[in-house]
Amino acid sequence: GRVDSATKMRDAIIASGVPVVVYIESRAISAGALISIAAETIVMAPGSHIGAAQPIPDDPKTVAFVSGEFRTTAERTGRDPQIAMAMVDASIEIEGLVRAGEILDLTANEAFENGYADHIATGIDAILEIMGWEGANVIPEVPDFRYRIAQFLSSYEVATLLLSLGTIALIAEFYTQGFGISGIIGITCFVLYFSSGFIAGYTELWSIVIFLVGLILLLIELTIPGFGVFGISGIIAIFLGVVFAAPSVRQGVISLMIAIIAGVLAVPILLKIFGKTRFMQRLVLNTAETV
């Protein structure tokens, strides 16, 4: 459902030098609706539907941008732009299709009647016959196992869990002597967080570099007295690396906040179990002077 990914796919379809047919087997909602509208030919299976593309957040600026993408895409492929805009903007009313305050979602039959489906058919073989491509060499393209795992690990729920576990594990490592299982778990969680996003195509290399620079700055901070510019810069760099490695900034911020809250809640428990670390002792004055 990412808008930037959808617009890139839309642009690629429009710029393609070969005929593009979109087959909607069950549903094309949100970004799927924009991608479908970009194709020269849309084939929908009976019982499928297209639309329901209201953006989140649905502030006026975002709605205007996404609505504009739908409108211009529909115009380029010879479809009614008002119908495309009504899939995004709840303020648009089209008599017989959608009332004001609702988001348009078309069934296969409604889409066919209004020019948003060129054919209603079931299965790839039927589509090939409709297009006159019966003798075409069909090459199925599906994501490989590695990519599917990466997409799973970079999903909102799993990525948040990895960040939270990684944060708690690394905090626990500060409370133990040497390097142990908690450190291994923490590093593994962060490696999975960044590598999965990189493989799935969400994470740029520079965000990983920023995160690593932040870790180095924190390590430098641990070797010098007090807590100053290296520590603050390191924390900021780590936060930025985590946020920009996520599929979206919003998801990154939410995942990071949950991980921070989990870490803060874990500190009293770890403090009670293991006592103060050398790092904590450097932040707290342990001596008192009396007059």
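In this text the structure is predicted, and so the values were computed from the model without any measurement. Residue positions are given per chain, counting from 1 as you read along its sequence in written order. Residues qualify for local features only when their pLDDT is at least 70, as the model is predicted, and side-chain atom pairs are given and counted only at 80 or more; totals for whole chains, interfaces and linings, by contrast, use all residues. To get the side-chain values, take all heavy atoms of the structure and skip hydrogens and water.

A. Summary view of the packing of aromatic side chains. The criterion for an aromatic pair is that two Phe, Tyr or Trp rings (for Trp, the six-membered ring) have centres within 6.5 Å, with stacked assigned to planes under 30 degrees apart, edge-to-face to planes over 60 apart and tilted to the rest. Counted under the stated rule, the structure contains 4 aromatic pairs. Here F190 and F211 contribute two aromatic rings whose centre-to-centre distance is 5.3 Å and whose plane-to-plane angle is 25°, an arrangement assigned as stacked. Taken together, the residues span a long stretch of sequence, with F190 in helix α9 (residues 181–200) and F211 in helix α10 (residues 205–222) at a distance of 21 residues. A connected cluster of aromatic rings, assembled from ring pairs, spans F190, Y193, F194 and F211. Helix and strand definitions here come from DSSP, where helices need a minimum of 4 consecutive H or I residues and strands a minimum of 2 consecutive E residues; each element is numbered from the N-terminal end.

B. Structural context of the pairing of strand β1 (residues 21–24). Burial classification: accessible surface area is computed with a 1.4 Å probe over protein chains only, and a residue below 20% of its type maximum counts as buried, one above 50% as exposed, and the rest as partly exposed. On β1, burial follows the alternation: V22 and I24 on one face are buried, whereas V21 and Y23 on the facing-out side are not. A pair of strands counts as paired when DSSP detects no fewer than two bridges linking them. As paired strands, β1 and strand β3 (residues 41–44) are joined by 4 bridges and run parallel to one another. When the bridges of β3 are listed, I24 appears paired with M44.

C. Region of the structure containing helix α3 (residues 60–76). For a helix, the expected span equals 1.5 Å multiplied by the residue count minus one. Between its first and last C-alpha atoms α3 spans 24 Å; for 17 residues at 1.5 Å apiece the expected length is 24 Å, and the two agree. Its buried side turned inward, α3 meets α1 (3–15), α2 (31–37) and α4 (81–86). Where α3 ends, the next residue or the one after it, G78, has phi of about 75°, a positive value. We call two residues in contact when some of their heavy atoms are within 4.5 Å.

D. Summary view of the packing of α1 against α3. Packing of α1 against α3 brings their axes to within 12 Å, and their N-to-C directions diverge by 15°. Here α1 is positioned roughly parallel relative to α3, judged by the angle of their axes. In the crossing of α1 with α3, the sense of the turn from one axis to the other is left-handed. Taken together, the residues of α3 that come into contact with α1 (itself represented by V3, T7, R10 and I14) are F65, V66, E69, T72, T73 and R76. A per-class count over the contact of α1 with α3 returns 4 nonpolar, 3 polar and 3 charged. Angular values range over 0 to 180 degrees, each being the angle between N-to-C directions of two axes fitted as lines to C-alpha atoms, with helices fitted over their stretch in contact. Working definition: roughly parallel below 35 degrees, roughly antiparallel above 145 degrees, roughly perpendicular at 65 to 115 degrees, and oblique for all remaining angles. Here a crossing is called left-handed whenever its near helix is offset anticlockwise from the far helix by less than a right angle, and right-handed whenever the offset is clockwise. The nonpolar class holds Ala, Val, Leu, Ile, Met, Phe, Trp, Tyr, Cys and Pro. Asp, Glu, Lys and Arg form the charged class, and all remaining residues, Gly among them, are polar.

Fair warning: the whole summary comes from geometry, so function is off the table for now.
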